[in-house]
Amino acid sequence: MGLLERAGELETLAATWDQVTAGSGRVVLVSGEAGIGKTALVEAFVNGASGAPRVLWGVCDALFTPRPFGPLHDLASQLDGRLPALLASDADRSAIFPAMLAELQARPSILVIEDAHWADEATFDLLRYLGRRMQRTRALLIITYRDDELDPKHPLRIVLGDLATSAAVRRMPLAALSLDAVRALAGEQSIDVAALHRQTAGNPFFVTEVLADPSGGISRTVRDAVFARAARLSPQGWAVLRAAAVIGPRIEAWALTEVAGPDAAAVDACLTLGMLGTQGEALAFRHELSRQAVLDTLSARQRQELHRATFAALQRSPATRGDVNRLAHHAVGAGERDAILQTAPAAGRLAAAAGAHRAAADWYRRALEAGDVLEPRKRAELLEARAWECNFIGQHEPAASARREAAALWRALGEPRREGENLAHLALTLTSVQMGEAWEACRAAIVALEPLGAGRELALAYRIQAMLHLFDHDYEESITLAEQAVALAEQHGDARVLAMALDTLGTGQLYVDDEQGRRTLERCLQVAREAGLEPRVATVYANLGSTAGELFRLDEAERYLADGYAYTTARDLDAIRVYILGWQALVHLARGRWEAAEGAAREALKHQLVSPANSIPALLALGRLQTRRGDAQAAATLIEAVALAERSGDFQNVAPAAAAQAEAAWLAGDVAQARAHAQRATELALGKRHAWIAGELVYWIWRAGGAHSTEGLAEPYRLEIGGDWRDAAEAWARLGCPYEQARALANGDRVAQLEALTLFDRLGARPMADALREQLRQVGVAVPRGPRAATRENPFGLTSRQMEILHLLGEGLSNAEIAARLHLSPKTVDHHVSAVFAKLDVHSREEAAARIRSQRR
């Protein structure tokens, strides 16, 4: 019997394959609960695909800690190009990713990645890399995953979110079988089909397991159904199943013989009964659910013994003794301390080299837990390694804990240089956790290192202290320390620390000598590029863009941020891209491109695994936008932004957050609270000589009825507070800031106020428009009722531009085609599409198109 109720999905896959063979690669995301038939569907499609394509098949395994590039290692035996050699040599991802892309560009192929919910971090990054580039290939990438196993912070959610707006991506959720389909499967068997459908919820695997042995009645769980099928096995057969379950998803015959011993002769009975099947030269369970059900029957002692036997068998075989990830998995299962210390650090190093930082951190954790009696030097080195990996994945508290312990161990060992280096790294880690302790750790690092004389470690400590001063906008102190760090880094030939120091130095100089700052940062870019320090290059773009944005050099900010966005997107540097997106949102907001601001902010905020501190600009942009629109969600967004800003303790976050709170309170009519929020950070901003941040804070004190000197404030604020609304409006207009221009005009004569009202209405600034309209009516000015904002005139809550985009999505246009039709940039269209998806709560173009089609009916 063929697949039931999957004809539509097979037709869609076939049509998608036709698009691929016509020259445009595609991605299909096949999702559903365990046992829903994802593998069966993909196998049926692959077997019937036209043109006899090359099929590459990789599987992600359910291990304690996933193997880096696990599915790629499956593919290695199916390929002849560079990729197998790169994987065998543990090459860097910068070589592996392009090699895999080249394979998919070389000839028509179907690449299947199964069970992506179990993938390692390196594989997630590969899927993101490929997914963003699939249209330039001749391949169909099919990713299967269990959607019911993805919690809100699961890394796969980030990958799916990244791919959601791509025209190359199609989602394919699989539904359960209907009652009629279950009746067809039951055939002539004497069974209550309605009860079977009800009990199994139409899950195909569950249904077929029950039907395999209907004499046992309708099982209440999948586990019961599996055991009903296996009930006819002898004790020897059960021993084979238990050994096979522990060996893993793929079971080498020789390994099963060694682990099961004499009982291995019963493997034929397991094959005959359908509990095991062949998979190439190996064996495998019919379904992972069956393997997990068998594992659940094992006591802790039985599991340990079988893991111990498997570890020994794998270590003896030349074919597997080099697979440290698999060996480490069984060492942990066996609870063998020596075996864990032998394999887990090696598995950690392998994972780190592949960029699977989450797996690396986990392996180092397991080694440290097993190595509480390690010699102090070795333990300190493991702690350093774990701290590096934890920082990569945003686990700052565990990283800080590891650095503290490592510093204490080096101090006890009488090695102040290593102690100081760890304290410096601790300070850097704590900038994302606790700024006060970061200062303490950095000062302690300098105290430990300065008596030792010049060294790269001292250069690092000086640079971190310079960065802390920069965060507080203490430019002179920051520049002095950064110059010392640059000199030491140059003396010792440390390109990484040199690039970090130049970045900090140049960013500080931008505030006091723009031309010098740019020259320094250009040199930083050169050093970072020559040393292959891609994240540092991205950070320079981010600093150039954000600093220009802070100083309202908006054209310049847009150029740098656009370059940084392109650079980070091409290299999948998502942590820095989130920060850049946040600043792009702030610049869009200032320029009156509110839909684009929302799209950029929401794109940034969907990256839940990125360090929260990097999300502050996006949260502030979204919160201020919602405040200016009068959206009900504004308060919650600002509360989150302010909490993160205050936790960071940085002036660059705290002062803008105070300004945002002041604006929200003033728009809500709470002038006392507006004044209090603004006063909280005003003197600090003036002390930092930041004319723009101080200008906005003093502006809100003035709007709230307070008085303050305008000395040292940016020109537009100084003019407006001084009563020169006309010149203030012109200054804002020159900067390209329509909302601020309208605010200044609203303080002018009737003509100016009517112009302000037009600007507010055009932007969708409902609170300001409503207040100004009421003010004019009270003095007898006849004003139009005002347009009912498009956001309130359609059932989806979209702006007019977003509705336009949605209609074009309904016509099947790609982002590039929409950009050409509307004379917008592709990036602006990307932001609009992200905003549409967020408001409609959909995840694909198909879902969005379906919503607009349903509205037309």
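Up top is the structure.
Residues numbered from 1 in each chain as written. Predicted model: local features only at pLDDT ≥ 70, side-chain atom pairs only at ≥ 80, totals over all residues. Heavy atoms only, no water.

Time to look at unusual backbone geometry. Even without glycine at this site, Asp-115 takes up a positive phi of about 55 degrees. By the secondary structure assignment, Asp-115 is in the loop between strand 3 (109–114) and helix 6 (121–131). Its relative accessible area of 15% is what places Asp-115 among the buried residues. We note that His-473 has phi near 60 degrees; this positive angle belongs to a residue other than glycine. Counting through the fold element by element, His-473 comes out in the loop between helix 24 (456–471) and helix 25 (475–492). By relative accessible area, which is 2% here, His-473 ends up buried. (Helix = DSSP H or I, 4+ residues; strand = E, 2+ residues; numbered from the N terminus. Buried < 20%, exposed > 50% of the residue type's maximum accessible area, 1.4 Å probe, protein only.)

Counted at 1.5 Å a residue, the expected span for helix 27 (residues 514–530) with its 17 residues is 24 Å, and the 24 Å between its end C-alpha atoms agrees. For helix 27, the complete set of buried residues consists of Gly-517, Thr-520, Leu-521, Cys-524, Leu-525, Val-527 and Ala-528. Looking straight down helix 27, one finds its buried side chains confined to an arc of 165 degrees; they lie on one side. Note on helix 27: the residue one or two positions beyond its end, Gly-532, has a positive phi of about 70 degrees. (Expected span 1.5 Å × (residues − 1). Arc of directions from axis to C-beta.)

Okay, helix 26 (residues 495–512) next. For helix 26, with 18 residues, the first-to-last C-alpha span of 26 Å sits near the 26 Å given by 1.5 Å per residue. Within helix 26, 15 of the 18 residues are buried, which leaves it mostly tucked inside the rest of the structure.

Along the chain, the position of Ala-319 falls in the loop between helix 16 (300–316) and helix 17 (324–334). The exposure class assigned to Ala-319 is exposed, which follows from its relative accessible area of 66%. On a C-alpha basis, the gap between Ala-319 and Gly-371 in space is 28 Å, while along the polypeptide they are 52 residues apart.

This part takes up the sheet that holds strand 5 (residues 169–173). As summarised here, the arrangement of the five strands in space is 2-3-4-1-5, forming an open sheet in which the pairing is parallel. Only two strands of the sheet have a single partner each, and these edge strands are strand 2 (54–59) and strand 5. Here the average twist between neighbouring strands, direction ignored, is 15 degrees. With respect to the sheet, helix 1 (residues 7–21) is in contact with strand 1 (26–31), strand 3, strand 4 (139–145) and strand 5, its orientation differing from that of strand 5 by roughly 165 degrees. This element, helix 6, spans strand 1, strand 3 and strand 4 of the sheet and lies at about 140 degrees to strand 4. (Pairing = 2+ DSSP bridges. Axes fitted to C-alpha atoms, helices over the stretch in contact; angles between N-to-C directions. Contact = heavy atoms within 4.5 Å.)

Without other data, these values stay purely geometric and don't point to any function.
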